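Architecture and fold: a report
Single-letter residue listing:
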Amino acid sequence: MRFRLEASPLDLGQTLGCGQTFRWSQLPDGRWGGVIGVRTIELKSDGDSLLVRAAPGGTDARDAVIEYLRLRDDMTTIQSALGSDRRLARGLTRVRGLRLVKMDEWESLISFVLATYANIPRISKMIAAIASEFGRGIADGVYSFPGPEELRDARPDELRACGLGYRAEYVRSIAREVDMAAIGRLKRLGYEDLREELKELDGVGDKVADCVSLFGFGRLEAFPIDVWIERALRRLYGLEGSYARLRRDATGLFGEYAGYAQEYLYLNERSLAADGSCMFS
DNA sequence: GCCCAGGAGTGTG
DNA sequence: CACACTCATGGG
């Protein structure tokens, strides 16, 4: 089916290509193709609206896209709140269309465990590999992200064959520890309790717990700190120290929308390294 | 070939 | 709580 959504501001490239989610790619004709749940989706921006082509699936495709791209977030409120920070205010217009995504909780958990100590192309490759190995075929050459029950019986050597390396043991451990009922319980926790619970899992530390809280459970106050964010905080704010300290400082600076600030800073620091272009300085 | 990546686990001071 | 060390591997 095809339909149109009001979606402004929205920059699909910044949103889907900046490493918060790993199953989207830009097609030769410029559209973005990916998977939400058990259906393939194609997206194309057209002025203030978003053109969607969605394969049949269980739930309502409109709701799925609206939730995934967080199209109900009031970007005016969020950006005006973050604009009270001088550094962010300076470049906010250039990331106006960057949205956080709201991934499936389980998928985000496994994805960011795989993301440890790997670069984005490799992460995408690992995820594509476990999907084709353990997921269900949903289109030509496209597979659903395998659920806990589909990964529970995966052998370590099968997982390693997907290029996971030492992460294979983490995935195996988590798949045996977590089921959809557990995910349901985690959904009801507040952010601080959620991240502590997530950190109990094998292969989940501070950073992964914050990524999963933000991109999977939609806790907008979460502020994941990787090497890029560390650089940004030092370069722009002169902040240094442990994860715990930086996290406290960032929460103080950015408050309830720290997750959006984090993604803006991340994109900025990456593009600064890539081609010298800079939005915040 | 070299460097680095959306880090975590473990052990120690 | 903060730091040092180890792990392990493919992409640019």
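See the structure above.
Thresholds applied
- Residues numbered from 1 in each chain as written.
- Chains lettered and ligands numbered in written order.
- Predicted model: local features only at pLDDT ≥ 70, side-chain atom pairs only at ≥ 80, totals over all residues.
- Heavy atoms only, no water.
- Axes fitted to C-alpha atoms, helices over the stretch in contact; angles between N-to-C directions.
- Helix = DSSP H or I, 4+ residues; strand = E, 2+ residues; numbered from the N terminus.
- Parallel < 35°, antiparallel > 145°, perpendicular 65-115°, else oblique.
- Contact = heavy atoms within 4.5 Å.
- Nonpolar A, V, L, I, M, F, W, Y, C, P; charged D, E, K, R; others polar.
- Buried < 20%, exposed > 50% of the residue type's maximum accessible area, 1.4 Å probe, protein only.
- Near = heavy atom within 4 Å.
- Polar contact = N/O pair within 3.5 Å; in protein donor to acceptor, adjacent residues only side chain to side chain.
- 1 Å grid on protein atoms, 1.4 Å probe; cavity = no way out; pocket = protein on both sides within 12 Å on 5 of 7 lines; lining within 4 Å.
- Points joined across faces, edges and corners; volume = space filled by probe spheres on them.

**Some thoughts on the packing of helix 3 (residues 75–82) against helix 15 (residues 258–275)**
- Across the interface, helix 3 lies against helix 15 with an axial gap of 10 Å and an inter-helix angle of 75 degrees. Judged by the inter-axis angle, helix 3 sits roughly perpendicular to helix 15. Contacts from Met75, Ile78, Gln79 and Leu82 of helix 3 reach helix 15 at Tyr260, Ala261 and Tyr264.
- Partitioned by chemical class, the residues of the contact of helix 3 with helix 15 number 6 nonpolar, 1 polar and no charged.

**Brief notes about the environment of Leu220**
- Here Leu220 shows up in the loop between helix 12 (206–216) and helix 13 (227–237).
- Sequence separation between Leu220 and Gly255 is 35 residues; the distance between their C-alpha atoms is 9.2 Å.
- If we ignore the near neighbours within four places in the chain, the residues touching Leu220 are Arg70, Asp73, Leu100, Leu214, Glu256, Tyr257, Ala258, Gly259 and Tyr260.

**Side note on the environment of Leu71**
- Considering the arrangement of structural elements, one finds Leu71 in the loop between helix 2 (61–68) and helix 3.
- Exposure remark for Leu71: the relative accessible area of 16% places this residue in the buried category.

**Topic: the protein's contact with DNA strand B**
- In the vicinity of DNA strand B, 28 residues are found, and the nearest of them are Gly19, Asn119, Ile120, Gln262 and Glu263.
- Here a phosphate oxygen of DNA strand B and a backbone polar atom of Gly203 are 2.8 Å apart.
- In the environment of DNA strand B, a base nitrogen lies 2.9 Å from a nitrogen or oxygen atom belonging to the side chain of Asp226.
- For the surface near DNA strand B, the elements supplying multiple residues, two or more each, are helix 12, helix 13 and helix 15.
- By residue class, the composition of the surface near DNA strand B is 14 nonpolar, 7 polar and 7 charged.

**Observations regarding the protein's contact with DNA strand C**
- Around DNA strand C, the neighbouring residues are Tyr117, Asn119, Pro121, Arg122, Lys125, Arg160, Gly165, Tyr166 and Ser242.
- Within the side chain of Arg122, one N or O atom sits 3.0 Å away from a base oxygen of DNA strand C.
- Here a phosphate oxygen of DNA strand C and a side-chain polar atom of Lys125 are 2.5 Å apart.
- Ranked by residue count, the leading element in the surface near DNA strand C is helix 6 (residues 120–134), at 3 residues.

**Side note on the layout of surface pockets**
- By volume, the largest pocket is sized at about 640 Å³.
- Along its surface, the largest pocket is lined by 29 residues, and Ile36, Gly37, Val38, Asp104 and Glu107 are the ones closest to its centre.
- The dominant element in the lining of the largest pocket, judged by the number of residues it contributes, is helix 2, at 4 residues.
- If you add up the space inside the second largest pocket, you get close to 540 Å³.
- Lining the second largest pocket we find 28 residues, and of these Ala115, Lys207, Asp226, Val227 and Trp228 sit closest to its centre.
- Those elements that place two or more of their residues in the lining of the second largest pocket are helix 6, helix 12, helix 13 and helix 15.
- Take the lining of the second largest pocket: its biggest share by element is 5 residues, from helix 12.

**Overview of unusual backbone geometry**
- Cis rather than trans, the peptide bond between Ser8 and Pro9 has omega equal to 0 degrees.
- Tracing the chain through its elements places Pro9 in the loop between strand 1 (2–6) and helix 1 (12–16).
- Residue Arg70 is not a glycine yet carries a positive backbone phi of 55 degrees.
- By the secondary structure assignment, Arg70 is in the loop between helix 2 and helix 3.
- Notably, Tyr117 is not glycine yet its phi reads approximately 55 degrees, a positive angle.

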